[in-house]
Amino acid sequence: MAKIISLTPDSKLMNPDFEGYKLYYDADVTTYKQPVLEGVEVSPSGPTCYLGTRLKALHNHLFPDPFHLSSVYYFTSRGHLIKSGYSQDCHLSGNEVVWQADLTDEKTTPEQEEDEGGAQYHATVSFPGADLALVSNGRGSLHLLHTADRTTPTTHSWRVDYEVEIERGVLLQSCVRSTKAENGERADKNPDGNRVIECVVLSITTPAALLSNPQYTVVDKQLTNTKAVSLHLLTWLNLTYNGSTWKVSRERTVAGEGDIHYCSIDGSGTGLIVLAHKNYSFVGDSECPIIKPNNSDEKTNDEEELPKYIFMQTDEDVTVWMCVGEVVKEDVCVKVTSGELSVKVKERDILHAHFTEAALHQLSTWTIDGDGRLEIVLPKVLEGERWESLFMESELIGEEVKEQHLQLNKRLAHLTSDQWNPDPSSEAPVYDPGELEACDQAREELTLTHLHGSTHTPIALVHLGPTQHLFNAQIESLAGPAFCLRHDVDALLWQPRVCSEGQVTYTHVATYDAFGYVRASKTSAKFTCASSDLSYVAVADTHTHVYVFCQPGCVGSGELRNRKSGRQLERVARQLVISLKNHDPILGLHTAPGSLYVLTATTLYLYCIPTAL
């Protein structure tokens, strides 16, 4: 049984007196730029479904190095992996080729081109350690590279340590974990030579391809009955080094539908943390095969756990509810007599039972709501008489809902009103949800799920409701990325961590004041990134503009007062608007402490962001 937990904000990191952002001009911001000689990697002929189009449109072509914060990487149209970085001596270092990726697709067959599995993806690179890199060419090849120390200015040739064919997709995350470290602590180097590299590859498939693939075992009914056109596949790979060679020691696959906003391997390597709108579940495991439950056992368990109907009674009538699925009214046939109830859906008997007491069948009514729930209202012949049970048939499992909530509503009626604000006051204006704009509203509910990698079941769930996910940020080099969620008008950054008991906890590490509201208003935003030192967050439009929002800092010389209240402000948050010289589409964005990288099709820009504006 999954444990239900909640995210608790740290009140010490909240700022109820936030005064807003003050515009800062970019005239004093130092700017460097470099031409992209071969052009940025062109968009491949990937999946044409919604998930595939979204994946290509939001692909960030700049890849940061968590072990060397001043360096960024990008792929050119010829497959060259280019390294650029900032230093006080040479400012923006030049186009250094560190690797050549094969972007050809000679292995694709006509049969593969008709399926999402044969599609091409962008090339991606990830850095699990200070001397290691993983490169996926998006065509089914994964290379493990030994890079040596990337923090030194000396150029090192990257050596191929291992190559393997994998599911086509993009790299989401990678990490190094020592096989003998206590509590699964990650390590870049192990004296015994035993270490594991774990990575997650995101790809797209179709429900038909998933269900027909003999390598996968689908036990989730939401996947077997889905009406979605495409699904996400998360391939979780373990690469083990035994002292002389590398090999894929374990491969696990998770599938689900809908947008996926966050995916990370937990700190102990026990499971995956997934933030999505829909349910995600394991469909494959090379070490512990997934066993599909027996249909008869599954049916018996469902009958034991879920009632076929629920009902509630008052002195005048009895209301019955049951689920009939996604049907129209013409598909349902309900017949009520004084002693019997019969329900058919598409000529199939759903219920046929006898009442324990008499009902006024002439006055009975029934309706179907949008969630596929059938509601039947049965007036009683003898008003005030309580029915001990609804039907005579004991094999029909039902549940009675008590009237306690109705009585509670009556007791609290004096505290409510049918007006928005019956006693208006300028000191305490009423909150009107009608004042919310469309961009402030989340369309679907978010769920944060921690999936166990061996039992293939959820360990913990966080039901976030209709919350907006804003961005992810790598703030610790040896930990998984943090994720940022909207909290009222603010944005809260949460870092998953493994506690001493081996459980994953979510720590509130930073608050970006009013950024939830600000980000919702940027309808043309393409990328959102935060600096690893938590000093600022940046939003890049599809073209031309980048908006930088800094954490509150000291005012410095002089004084600043609030125009309305006249109160003197000791700290102020600044906003910086950067306008690119050309109008090329923005293809990449990376925020580092004191430096902001912006990539277009022809130019790489570096903006030096002052630590105290």
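Values in this document were obtained by computation on a predicted structure and should not be read as measured data.

Caption draft 1: Expanded view of the overall build of the chain. Along its length, the chain carries seven helices and 43 strands. The burial tally for the chain puts 48% of its 613 residues in the buried class. Partitioning the intrachain contacts of the chain with sequence separation of at least 6 by distance along the chain shows that 59% fall at a separation of at least 24. In the form shown here, the chain has an accessible surface area of approximately 31400 Å², with 50% of it arising from carbon and sulfur atoms.

Caption draft 2: Summary view of the pattern of salt bridges. Applying the stated rule across the entire model yields eleven salt bridges. A salt bridge links Glu41 to Arg139; the shortest N-O distance between them is 3.8 Å. On the criterion of sequence distance, the pair formed by Glu41 in the loop between β3 (31-35) and α1 (50-57) and Arg139 in the loop between β10 (132-136) and β11 (141-146) is long-range, its members being 98 residues apart. The exposure class of Arg139 is buried, given its relative accessible area of 11%. Here Arg497 ties to Glu476 by a salt bridge, and the two come within 2.5 Å at their closest N and O atoms. Highlighted residues: Arg497 in strand β32 (residues 490-498) and Glu476 in the loop between β30 (469-473) and β31 (482-487), separated in sequence by 21 residues. Looking at Arg497, the relative accessible area reads 31%, which means it is partly exposed. Here the salt bridges do not stand alone but share partners, grouping Arg250, Asp285 and Glu287 into one network.

Caption draft 3: Structural context of unusual backbone geometry. Backbone geometry at His456 places phi at a positive 65°, although glycine is not the residue there. Tracing the backbone through its elements, the reader meets His456 in the loop between β28 (446-452) and β29 (458-465). Even without a glycine there, the phi angle at Leu534 is positive, about 65°.

Caption draft 4: Quick peek at the environment of Gly339. Checked against the element boundaries, Gly339 lands in the loop between β22 (332-336) and β23 (340-345). Distance in space between the C-alpha atoms of Gly339 and Thr356 is 7.6 Å, their sequence separation being 17 residues. What Gly339 contacts, discounting residues up to four positions off in sequence, is Ala353, His354 and Phe355.

Caption draft 5: A look at the sheet that holds strand β9 (residues 124-129). Spatially, β9-β10-β11-β12 is the arrangement adopted by the four strands of the open sheet, whose pairing is antiparallel. Two strands bound the open sheet, and with one partner strand each, they are β9 and β12 (159-165). When the angles between neighbouring strand axes are averaged without regard to direction, this sheet yields 20°. Note that β11 and β12 share six bridges and pair antiparallel. Bridge assignment links Ser141 to a residue of β12, and that residue is Glu165.

Caption draft 6: Geometry of the sheet that holds β23. Strands sit in the order β22-β23-β24 across an open sheet of three strands; the sheet is antiparallel. Edge positions in the sheet fall to β22 and β24 (348-354), since each of these pairs with one other strand and no more. Between one strand axis and the next, the sheet turns through 5° on average, direction left out of account.

Caption draft 7: Fine view of the packing of aromatic side chains. Under the definition given, this model contains 18 aromatic pairs. Seen in terms of ring centroids, Tyr32 and Tyr86 are 6.3 Å apart; in terms of plane orientation they differ by 40°. Their pairing is tilted. Highlighted residues: Tyr32 in strand β3 and Tyr86 in strand β6 (residues 80-87), separated in sequence by 54 residues. By relative accessible area, which is 22% here, Tyr86 ends up partly exposed. Considering the side-chain rings of Phe515 and Phe549, the 5.7 Å spacing of their centres and the 65° angle between planes classify their relative orientation as edge-to-face.

Caption draft 8: Structural detail: the pairing of β11. Counted residue by residue, β11 has five buried out of six residues, so it is predominantly covered. Summarising the sheet, β10 and β11 pair through five bridges and their orientation is antiparallel. Across the sheet, residue Ser136 finds its bridge partner in β11, namely Leu142. Counting the residues between successive antiparallel strands, the hairpin from β10 to β11 contains four residues, one of them, Gly138, with a positive phi of roughly 75°.

Caption draft 9: Focus on the environment of Leu13. Residue position: Leu13 is located in the loop between β1 (3-4) and β2 (21-24). In this structure the C-alpha to C-alpha distance between Leu13 and Leu492, which are 479 residues apart in sequence, comes to 9.2 Å. Residues contacting Leu13, with those up to four places away along its chain left out, are His508, Val509, Ala510 and Thr511.

Caption draft 10: Main features of the pairing of strand β17 (residues 260-265). Burial analysis of β17 places six of its six residues in the buried class, which makes it a mostly covered element. Bridging between β17 and strand β18 (residues 271-276) involves five bridges; their strand directions are antiparallel. Bridged to Ile260 within β18 is Ala276. Taken together, β17 and the strand that follows it, β18, pair antiparallel across an intervening segment of five residues, in which Gly269 is found at a positive phi of about 75°.

Caption draft 11: Focus on the nonpolar core. Ranked by size, the top nonpolar core spans 24 residues in total, and within it Val320, Leu341, Phe355, Leu390 and Phe391 carry the most contacts. Not counting residues up to four positions away in its chain, the partners in contact with Val320 are Tyr309, Ile310, Phe311, Leu374, Glu375, Ile376, Leu378 and Leu390.

Caption draft 12: Quick look at the confidence of the model for the chain. Per-residue pLDDT for the chain has a mean of 83; in total, 81% of the residues score no lower than 70. Segment residues 426-431 is flagged for pLDDT under 50; beyond a separation of four residues in sequence, or across chains, it makes four contacts in the model.

Caption draft 13: The side chain of Ser531, seen in detail. Counting through the fold element by element, Ser531 comes out in the loop between β34 (525-530) and β35 (536-541). Each residue touching Ser531, except ones within four places of it in the same chain, is listed here: Ile475, Tyr536, Thr591, Ala592 and Pro593.

Caption draft 14: Examining the environment of Gln551 more closely. You can see Gln551 is positioned in the loop between β36 (545-550) and β37 (553-554). Judged by its relative accessible area of 23%, Gln551 falls in the partly exposed class. Separated by 14 residues in the primary sequence, Gln551 and Val537 place their C-alpha atoms 8.5 Å from one another. Gln551 has contacts with Thr511, Tyr512, Leu534, Ser535, Val572 and Ala573, leaving out every residue within four places of it along the chain.

Caption draft 15: Highlighting the side chain of Gln313. Relative to the assigned elements, Gln313 resides in strand β20 (residues 309-313). Here Lys380 takes part through its side chain, which lies 2.9 Å from a polar atom of the side chain of Gln313. Within the structure, the side chain of Gln313 is placed 3.1 Å from the side chain of Glu400, a separation counted as a polar contact.

What counts and how
Residues numbered from 1 in each chain as written. Predicted model: local features only at pLDDT ≥ 70, side-chain atom pairs only at ≥ 80, totals over all residues. Heavy atoms only, no water. Helix = DSSP H or I, 4+ residues; strand = E, 2+ residues; numbered from the N terminus. Buried < 20%, exposed > 50% of the residue type's maximum accessible area, 1.4 Å probe, protein only. Contact = heavy atoms within 4.5 Å. Areas by Shrake-Rupley, 256 points an atom, 1.4 Å probe, with all protein chains shown as cover. Salt bridge = Lys/Arg side-chain N within 4 Å of Asp/Glu carboxyl O. Pairing = 2+ DSSP bridges. Axes fitted to C-alpha atoms, helices over the stretch in contact; angles between N-to-C directions. Phe/Tyr/Trp six-rings, centres within 6.5 Å; stacked < 30°, edge-to-face > 60°. Core = buried A, V, L, I, M, F, W, Y, C linked by side-chain atoms within 4.5 Å. pLDDT = per-residue confidence, 0-100. Polar contact = N/O pair within 3.5 Å; in protein donor to acceptor, adjacent residues only side chain to side chain.

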